[in-house]
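Now for the letters of each chain:
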Amino acid sequence: MTRDSRIADTLGVAADLPAWLQPPAVLSGRKRLALLGGTGSIGQSTLRVLRHDQVRPFETLGVGEACGAGRRFELYGISGHGNLGALAAAVQEFRPQVVVGSDREVARGWNACCPGFVGEFYEGPEGLVRLASDPAVDVVVAGIVGRAGLESTLAAIECGKVVGLANKETLVMAGHLATDLAERTGARLLPVDSEHNAIFQCLLGAGRKQVRRVVLTASGGPFRTWTVAEQASATPQQALAHPTWKMGAKISIDSATMMNKALELIEAKWLFDLEVEQLQVVVHPESIVHSLVEFVDGSVLAQLSPPDMALPIQQVLDFPERVESPAKKMDFLANWSLNFHSPDLDRFPALLLGLEVARRGGSCGVVLNAANEVAVQAFLDGGIGFTQIVPICRRVLDSHPFEAYPDLRSLLDLDRWARQETTQCISKP
Ligand code: MG
């Protein structure tokens, strides 16, 4: 019996979950973290968790004093993109040994911004890979949004790290490669995405073989009640105004089209190694029930909490333990209700794309993701209307040369092809 399986048995963790969801080996001492995407929404929530772990809270420190390492975690490295001020503030507070400026602006401005920094500074996508593969790192929080997070997440998996996976695109684009690689290297892929984290929690101790279906909840986004005609004239500002979650621009638009849920269906299929027929989406406007698992006997387990990413991040960082968290708590005595209804596929056709891509697999995920990234940016830039995003993705997906098991090089070629094709679709509708 291996050490890991002993830990699993002791904790009652489902032995039939894939290898990458098993509890990591228990470490002695603090876990050293690499936070990729430290200035984004996941990054800032991760810093909240780390702040809560400090022996002395930030508020009690004097000017220029750093928190440094916490009780359970040490921020070993952090990357920032497009927000030098937020990166410098995090570095000043947590004093990591490695900093990565993943874009040129941050890399250029770093020395002038933080002249006293004595650690290592890396630049660009190579810098992200270097930090993710650093032998000193125990846990990599993959919090970069979109295709930009792929190589660094794969590098972390290749090095057998514990990966807190918020970059769903790694599984959408390269689910077959990422899971095969994790099985070979012993890396863990623990879901930070709130729905998948909820499913993960529900499966612990219950097992996967007895699952009848997994139900992902969706808030429905800001256009939940809008007709197609109303959506057609939606502005970026309206689409960015998510009713329950505060997130970055790309994922907020994906929530408005429900493409986010489409990508999450693909993510769930790979992460939990389930049949697509076992996956279902239900609209739940309150974003309190983060997902549900129904077992063969009809029992349904759900995970509930106020919408706050600090909770899934901490669950993953501390797994298999549970620790007091800074996340908002439920107030059961307040007047509240939970509503569920079926998604309207005529108004939100992205879900059909998600189911189809999850079913077909192969090269479909990388193409859908690339087309959607380009189309969302075009919408934000005022180049196309809101209701053109999903039809453009459909066109590019239908015209792509399907491959059943593309390797990484083919995937990256297809990613480039799909971006060009989408740009052409947008310029010549
Ligand atoms: Mg999610």
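Residues numbered from 1 in each chain as written. Predicted model: local features only at pLDDT ≥ 70, side-chain atom pairs only at ≥ 80, totals over all residues. Heavy atoms only, no water.

Student: Quick question: what am I supposed to make of the domain arrangement of the protein here?
Tutor: How big an interface is tends to be expressed through the accessible area that disappears when the partners come together. Once the domains are mapped, the protein shows domain 1 (3–197) and domain 2 (209–306 + 341–417). Spacing between the C-alpha centres of domain 1 and domain 2 amounts to 25 Å. The partner domain 2 presents 34 residues to the 28 residues of domain 1 that form the contact. Our enumeration of links across domain 1 and domain 2 arrives at three salt bridges. Here lysine 168 and glutamate 264 are joined by a salt bridge, their closest N and O atoms 3.0 Å apart. The tally of links from domain 1 across to domain 2 stands at eleven residue pairs in polar contact (both at pLDDT 80 or more). (Domains from an automatic or database assignment. Contact = heavy atoms within 4.5 Å. Salt bridge = Lys/Arg side-chain N within 4 Å of Asp/Glu carboxyl O. Polar contact = N/O pair within 3.5 Å; in protein donor to acceptor, adjacent residues only side chain to side chain.)

Student: I keep staring at the pairing of strand β9 (residues 279–283) and nothing clicks. Help me out?
Tutor: As a general feature of sheets, a regular strand has side chains that alternate between the two faces. When you tally the buried positions in β9, you get four out of five residues, the bulk of the element. The pairing of strand β8 (residues 211–218) with β9 spans five bridges and is classified as parallel. In the sheet register, threonine 217 faces β9, and the bridge partner there is valine 282. (Buried < 20%, exposed > 50% of the residue type's maximum accessible area, 1.4 Å probe, protein only. Helix = DSSP H or I, 4+ residues; strand = E, 2+ residues; numbered from the N terminus. Pairing = 2+ DSSP bridges.)

Student: Help me understand the coordination of the magnesium ion, please; the structure alone is not making it clear to me.
Tutor: Working reference: metal with six octahedral donors, ideal angles 90 or 180 degrees; metal with four tetrahedral donors, ideal angle 109.5 degrees. Around the magnesium ion, the protein contributes the donor atoms Asp193 (OD), Glu195 (OE) and Glu264 (OE), which lie 2.0 to 2.1 Å from the metal centre. Written as a sequence motif, the donor arrangement for the magnesium ion is D-x1-E-x68-E. Of this pair, glutamate 195 sits in helix α8 (residues 194–203) while glutamate 264 is found in helix α12 (residues 259–272), placing the two residues 69 residues apart along the sequence. (Donors = N, O, S within 2.8 Å, 3.2 Å for Na, K, Ca; no water.)

Student: What am I meant to see in unusual backbone geometry here?
Tutor: Note that the residue after phenylalanine 319, namely proline 320, is joined by a cis bond; omega there is 10 degrees. Within the secondary structure layout, proline 320 lies in the loop between α13 (310–318) and α14 (350–360). Although it is not a glycine, aspartate 273 sits at a positive phi angle of roughly 55 degrees. Considering the arrangement of structural elements, one finds aspartate 273 in the loop between α12 and β9. Note on aspartate 273: relative accessible area 49%, which makes it partly exposed. Despite not being glycine, serine 287 shows a phi value in the positive range, around 50 degrees.

Student: Looking at this structure, I do not really get the sheet that holds β9. What am I missing?
Tutor: Paired through their backbone hydrogen bonds, the strands of a sheet run either parallel or antiparallel. Reading across the sheet, the four strands line up as β9-β8-β10-β11 and stay open at both edges, with mixed pairing between neighbours. Because the sheet does not close on itself, it has two edges, and the strands there are β9 and β11 (300–304). Put simply, the sheet's adjacent strands are angled 20 degrees from each other on average, direction ignored. Against the sheet, α12 engages β8 and β9, with an angle of about 150 degrees to β8. (Axes fitted to C-alpha atoms, helices over the stretch in contact; angles between N-to-C directions.)

Student: What am I meant to see in the packing of aromatic side chains here?
Tutor: Geometry of an aromatic ring pair is reported as the spacing of the ring centres plus the angle between the planes. Taken as a whole, this structure holds seven aromatic pairs when the rule is applied. Measuring from centroid to centroid gives 4.2 Å for phenylalanine 223 and tryptophan 226, while their planes differ by 40 degrees, and the two rings are tilted. Aromatic pair phenylalanine 332 and tryptophan 336: ring centres 5.6 Å apart, planes at 55 degrees, arrangement tilted. Connected via pairs of aromatic rings, a cluster forms that spans Phe223, Trp226, Phe379 and Phe386. The positively charged end of lysine 269 is found above the aromatic ring belonging to tryptophan 270, 4.7 Å away from the centroid. (Phe/Tyr/Trp six-rings, centres within 6.5 Å; stacked < 30°, edge-to-face > 60°. Lys NZ or Arg CZ within 6 Å of the ring centre and 35° of its normal.)

Student: How should I be thinking about the nonpolar core in this particular structure?
Tutor: In summary, soluble globular proteins display a tendency toward joint burial of nonpolar side chains. In terms of nonpolar packing, the biggest core is built from 128 residues, with Ile78, Ile157, Met259 and Phe272 touching the most fellow members. Among the elements that take part in this core, helix α15 (residues 364–380) stands out by supplying eleven residues, more than any other. (Core = buried A, V, L, I, M, F, W, Y, C linked by side-chain atoms within 4.5 Å.)

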